[in-house]
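If you want the building blocks of each chain, they are given just below.
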Amino acid sequence: MGAQVNAAELLQQALSSNIIPNQEFLLQGSILDSAAENLLHRLRGLCDNVDASPETFSDIEMCFSLKLPTEKTPVMTVRVRRAQDVEAPLQLRYIGQPELGDRTRPTLVRSSLDIACTPHVIDFLTEMGFRLDFEYCTKGYMFRKGRMKITVSKILKNMTEPISQSYLVELSVLAPKGQDAIAEDMRIFAEQLKPLVQLEKIDYKRFAQMP
């Protein structure tokens, strides 16, 4: 328990020192399976390398949390992503809480840090006191428009079973702090995808308050 408390204190000190250099700007939405092909066709026309097929991906994502015996909520949550379709390092990802900021801001903004790791990262997290909360598989298509990344993905449980009859659509940019102008570029791009998909700034706190 002592090592777990010490790790938690060190992580909290690091976060309070603003060591996370990047921000993720994010818009999300969903589209029914029956309309997904129309959206993919639209994205092929709008994004870079229109003559090439979209990049595909198939990943397993594991969510780990660090909790203290005296606390109900996790001290920290991190994600480990492993590619299923290509040989690539595992990705350890920390995602911060959404910034409150201006309600009129076009996108959600949160701190983000991605690190390439060896498979031993899971053992490392376990030794620090992290525990696996859940895991799932994402499979879909990725497009790029300048700095913007657009993914259209299916969320699967048990690696093969879709959890719904729709695709998750995400528009994101990872950029250094202070580049808020990118949010307006994302809003303009999202407008070009209507009415096929409505990309929005999701209020996660609203879901947390649901019974």
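For the structure, check the block above.
Residues numbered from 1 in each chain as written. Predicted model: local features only at pLDDT ≥ 70, side-chain atom pairs only at ≥ 80, totals over all residues. Heavy atoms only, no water.

## Focus: the overall build of the protein
Per the secondary structure count, the protein includes five helices and nine strands. Starting at the N terminus, the α and β elements of the protein follow one another as α-β-α-β-β-β-β-α-β-β-β-β-α-α. Looking at the 211 residues of the protein, the share that counts as buried comes to 38%. In the protein, the share of contacts with a sequence separation of at least 24, taken over all contacts with a separation of at least 6, comes to 67%. Put simply, the protein shows about 12700 Å² of open surface, and 52% of that area lies on carbon and sulfur atoms. (Helix = DSSP H or I, 4+ residues; strand = E, 2+ residues; numbered from the N terminus. Buried < 20%, exposed > 50% of the residue type's maximum accessible area, 1.4 Å probe, protein only. Contact = heavy atoms within 4.5 Å. Areas by Shrake-Rupley, 256 points an atom, 1.4 Å probe, with all protein chains shown as cover.)

## Topic: the nonpolar core
Counting residues in each nonpolar core, the largest one holds 26 residues, and the members touching the most others are Leu39, Leu43, Leu171, Met186, Phe189, Leu193 and Leu199. Beyond its immediate sequence surroundings of up to four residues, Leu39 is in contact with Ile31, Val152, Val169, Leu193, Leu196 and Val197. The next biggest cluster of nonpolar side chains, apart from the first, holds 15 residues, and it includes Ile60, Leu66, Met76 and Leu125. (Core = buried A, V, L, I, M, F, W, Y, C linked by side-chain atoms within 4.5 Å.)

## With respect to the pattern of salt bridges
Tallied over the full model, the rule gives eleven salt bridges. One salt bridge connects Asp180 with Arg105, and the closest N-O pair in it is separated by 3.9 Å. Taken as a pair, Asp180 in the loop between β9 (166-176) and α4 (182-191) and Arg105 in the loop between β4 (90-95) and β5 (108-117) lie far apart in primary sequence, 75 residues in all. Here Asp180 falls in the partly exposed class, since its relative accessible area comes to 39%. (Salt bridge = Lys/Arg side-chain N within 4 Å of Asp/Glu carboxyl O.)

## What to know about the environment of Val197
Topologically, Val197 is positioned in the loop between α4 and α5 (204-208). We classify Val197 as buried; its relative accessible area is 2%. For the pair formed by Val197 and Leu32, sequence separation is 165 residues and the distance between their alpha carbons is 9.3 Å. Setting aside chain neighbours within four positions, we find Val197 in contact with Gly29, Ser30, Leu39 and Val169.

## Here's the deal with the packing of aromatic side chains
Overall, the coordinates contain one aromatic pair when judged by the stated rule. Measuring from centroid to centroid gives 6.2 Å for Phe134 and Tyr136, while their planes differ by 20°, and the two rings are stacked. Among the residues examined, Phe134 registers a relative accessible area of 39% and is labelled partly exposed. In this structure, Lys154 is placed above the aromatic ring of Tyr167, and the distance from its NZ or CZ to the ring centre is 4.8 Å. (Phe/Tyr/Trp six-rings, centres within 6.5 Å; stacked < 30°, edge-to-face > 60°. Lys NZ or Arg CZ within 6 Å of the ring centre and 35° of its normal.)

## Brief notes about α4
For α4, the set of buried residues is Ile182, Ala183, Met186, Phe189 and Ala190. When α4 is viewed along its axis, its buried side chains cluster within an angular range of 120° and face the same direction. Next to the buried residues of α4 lie β1 (22-32), α2 (33-46), β6 (131-145), β7 (148-157) and β9. (Arc of directions from axis to C-beta.)

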